[in-house]
Amino acid sequence: MNKVYNNRAWWLILPMLLLVAFSAIIPLMTVVNYSVQDVFDANTRFFTGTEWFREMLNDPALHAALLRQFAFSLTVLAIEVPLGIGIALIMPKKGWQASAVLILVTMPLLIPWNVVGSIWQIFTRGDIGLMGWSLRELGYGYNITASPVDAWATIILMDVWHWTPLIALLCYSGLRSIPDAYYQAARIDRASKWSVFRYIQLPKLTNVLVIGVLLRFMHSFMIYAEPFVLTGGGPGNSTTFLSQSLTTMAIGQQDLGPSAAFSLIYFLIILLVSWVFYTAIMNMQKDHKNEEA
Amino acid sequence: MTKAMPTTPEAVRKRAAAADAKRRRQARPVSRQWRRRTLMTAYILFVLLPVYWLLNMSFQSNTEILGGLTLWPEAFTLEHYAKIFTDPNWYMGYVNSITYVMMNMVISLAVALPAAYAFSRYQFIGDKHLFFWLLTNLMAPPAVFLLPYFQLYYTVGLFDTHIAVALAHCLFNIPLAVWILEGFMSGVPKEIDETAFIDGYSFPKFFVKIFIPMISSGIGVTLFFLFMFSWVELLLASTLTSTGAQPIASVMTQTKGASGIDWGTLAAAGTLTILPGIVVVYFVRNHIAKGFALGRT
């Protein structure tokens, strides 16, 4: 669309800008302020420069949390994206079944995050949970409070349960926008099921998948409430992800300076990865278009 | 192609349609449809099973829950629900949650509508940078903002009020609303604006009378997303409140009593947090497909 150049459009933006500035810029400035100072009390504080940043970047506990965070995010993406596409392909497209399936599939997305944790806590307990009890009856010594492997597997299963619907719904909406004529043309050409997917459906899904993968990466990188309720970060530190390390440091230990520095590093990592991913995808699409042209 | 088949577009289309109908009868064997249905059913079961377990437990007494595993409530009881609906500590949690979610939806939509219109129709100094900066707010971990929010709202005297949580949730909901609405608005041809202005509509009148009705499904979907992200968030909501505006999600953490966790009440409270979501999805079910692509398919 040809947009008109008009700086008066700023007036339309202004109310939004003021509000977001209040809830984003002021707090962020507070964080920056803390990150370069050592605060003892309201009147005693020292300028420390980059000391907190250096300390945080060299903290082995945080390196471990960061590694766990990446391992977790990549694992859930690797499971949820293909599974979501698969579910979108088999979701019914019309009739009452379509509405019913749509509502059921969306349901996990609308449950408060700590309730998701509670649901899985109840579901996986060895004594009163269906899954925990069944696994034990089958002879597997399932115990998420003692075995890191069980805890990890459960958290990943929980995340798949919770967030695969997002990918599935995004893809479903992408698939719905393909005109019937495309499929008819494919049938006349006797295209195989795989080539229909590869050359008709997948290209239509690229846009929504970019949104889906970005959202999933961001959200999985900020995960807090679900593992906190389910495992509390344990056993040991094996399921302590970045958000939980940060809240423990900021609220639990009241280490304002270090936790502020940690916050900024954390935020920058998410921005950087999202930006790299986004640019890479956009360049790939551009190359692809140039080849076709 | 054999012989002289007519190649007028009409005839080709007819043939294609006939081949199509034939294939639909033959080429999709019953077995494949069944495989599809089985897989779908399996996934739905996977989604429902943990929720069923929660529901099951909410109808059992605590002695039955701890007494051994039962696949359905043998002594059906509503005591946990009765407790939630009679104890103001519990039911006010729901009222508080719904209050701040509604406030957030109204505020976010009110400021996002004009902003999204500006982004979809005009170029201005810094528009791209501003849009990118907005999106970066979606990437900000709530944990980062925890402490500064607490101090900020405490200083301005808004701590433990509904509006504090509503404003805090604007951090991610306003950018989201602008992003979705911009997609829907870009789908409306610009000629409509121009014609309306030629017809003598003023901007506010055009916006309310003509433009908003045209993107009503987009607005519905946006409200759905605003509801969703404000309803499910807990970390900021529970940090910014203590007793006056406590969300239900943080009331639930109080079920850990001296005598262990009150599983039945926890399950009943959890079940009740799922219901508003289902009601909301039901209303937007016909637009959700387009909405999830953020109006960009």
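Residues numbered from 1 in each chain as written. Chains lettered and ligands numbered in written order. Predicted model: local features only at pLDDT ≥ 70, side-chain atom pairs only at ≥ 80, totals over all residues.

If you check an unreviewed UniProt entry, chain B appears there as Carbohydrate ABC transporter permease from Halomonas flagellata. Annotation of chain B in UniProt includes, under Sequence similarities (unreviewed entry), the sentence "Belongs to the binding-protein-dependent transport system permease family. MalFG subfamily." (UniProt positions renumbered as here; feature names shortened; annotations may be inferred.)

An unreviewed UniProt entry lists chain A under the name Sugar ABC transporter permease, with Halomonas flagellata as the source organism. For chain A, the Sequence similarities (unreviewed entry) comment in UniProt is given as "Belongs to the binding-protein-dependent transport system permease family." The UniProt entry for chain A carries the following text under Subcellular location (unreviewed entry): "Cell membrane".

## Quick word on the overall build of chain A
When helices and strands are tallied, chain A shows twelve helices and three strands. By principal-axis analysis of the C-alpha atoms, chain A measures approximately 80 × 70 × 35 Å. Taken over 293 residues, chain A has a buried fraction of 37%. Residue pairs in contact within chain A that sit at least 24 positions apart in sequence constitute 70% of those at least 6 positions apart. (Helix = DSSP H or I, 4+ residues; strand = E, 2+ residues; numbered from the N terminus. Buried ≥ 20, exposed ≤ 12 C-beta atoms within 10 Å, placed from the backbone. Contact = placed C-beta atoms within 7 Å.)

## A closer look at the overall build of chain B
Counting its regular elements, chain B contains 15 helices and three strands. The buried share of chain B, taken over its 297 residues, is 41%. Partitioning the contacts of chain B with sequence separation of at least 6, the portion at a separation of at least 24 is 79%.

## Let's talk about the packing of helix α5 (residues 113-124) of chain A against helix α7 (residues 148-176) of chain A
All names here are of chain A. The geometry of α5 relative to α7 is characterised by a closest axis approach of 11 Å and an angle of 125° between their N-to-C directions. When the axis of α5 is compared with that of α7, the two are oblique. The two elements α5 and α7 meet at a crossing, and its hand is right-handed. Side by side, α5 and α7 meet where V116, W120 and T124 of the first sit next to T154, M158 and H162 of the second. (Axes fitted to C-alpha atoms, helices over the stretch in contact; angles between N-to-C directions. Parallel < 35°, antiparallel > 145°, perpendicular 65-115°, else oblique. Left-handed = near helix turned anticlockwise from the far one by under 90°.)

## Notes on the interface of chain B and chain A
In many reports, interface size means the accessible area that the parts give up when they come together. Every contact between the two is made by 84 residues of chain B and, on the other side, 76 residues of chain A. Examining the composition of the side of chain B that touches chain A, we find that 14 residues originate from one element, helix α2 (residues 30-58) of chain B, more than from any other. Taken together, the residues that form the side of chain B that touches chain A break down as 67 nonpolar, nine polar and eight charged. In terms of strand pairing, strand β1 (residues 4-5) of chain A meets strand β1 (residues 122-123) of chain B through two bridges, oriented parallel. Looking at β1 of chain B, one finds that V4 of chain A is bridged to Y122 of chain B. (Nonpolar A, V, L, I, M, F, W, Y, C, P; charged D, E, K, R; others polar. Pairing = 2+ DSSP bridges.)

## Section: the environment of M29 of chain A
On the secondary structure map, M29 of chain A appears in helix α1 (residues 10-35). Remark: the alpha-carbon pair of M29 of chain A and A88 of chain A, spanning 59 residues in sequence, is separated by 43 Å.

## Details of the environment of F229 of chain B
Residues and elements named next belong to chain B. With respect to the helices and strands, F229 occurs in helix α11 (residues 216-232). Judged by the 20 C-beta atoms lying within 10 Å of it, F229 falls in the buried class. Ignoring any residue separated from it by four or fewer positions in sequence, one finds F229 in contact with F172, N173 and L176.

## Details of the UniProt feature "domain: ABC transmembrane type-1" (unreviewed entry) in chain A
With numbering matched to this structure, UniProt assigns "domain: ABC transmembrane type-1" (unreviewed entry) to residues 66-277 of chain A. Helix makes up 77% of residues 66-277 of chain A and strand 0%, whereas the separation of the span's terminal C-alpha atoms amounts to 18 Å.

## Overview of the environment of T86 of chain B
Residues and elements named next belong to chain B. Note that T86 resides in helix α4 (residues 79-86). The exposure class of T86 is exposed, given the 9 C-beta atoms found within 10 Å. Distance in space between the C-alpha atoms of T86 and F132 is 48 Å, their sequence separation being 46 residues.

## Brief notes about the UniProt feature "transmembrane region" (unreviewed entry) in chain A
Feature annotation in UniProt assigns "transmembrane region" (unreviewed entry) to the following positions: residues 12-36, 70-90, 102-123, 151-175, 196-218 and 260-281 of chain A. Along residues 102-123 of chain A, the helical share is 73% and the strand share 0%, with 24 Å between the first and last C-alpha atoms.

## A few points about helix α7 (residues 142-155) of chain B
Residue and element names in this part refer to chain B. The first and last C-alpha atoms of α7 sit 19 Å apart over 14 residues, in line with the 20 Å expected at 1.5 Å per residue. Burial in α7 covers these residues: P142, A143, V144, F145, L146, L147, P148, Y149, L152 and Y153. Immediately downstream of α7, the backbone of G157 shows phi near 75°, a positive value. (Expected span 1.5 Å × (residues − 1).)

## Observations regarding unusual backbone geometry
Peptide bonds are trans in most cases, and residues, glycine excluded, mostly fall at negative phi. A positive phi angle, near 55°, is found at R190 of chain A, a position not held by glycine. Relative to the elements of secondary structure, R190 of chain A occurs in the loop between α8 (180-188) and α9 (193-221).

## What about the domain arrangement of chain B?
Residues and elements named next belong to chain B. Structurally, chain B comprises domain 1 (9-58) and domain 2 (85-292). Each side of the interface is counted separately: domain 1 has five residues, and domain 2 has seven residues. Residue composition of the side of domain 1 that touches domain 2, by class: four nonpolar, one polar and no charged. (Domains from an automatic or database assignment.)

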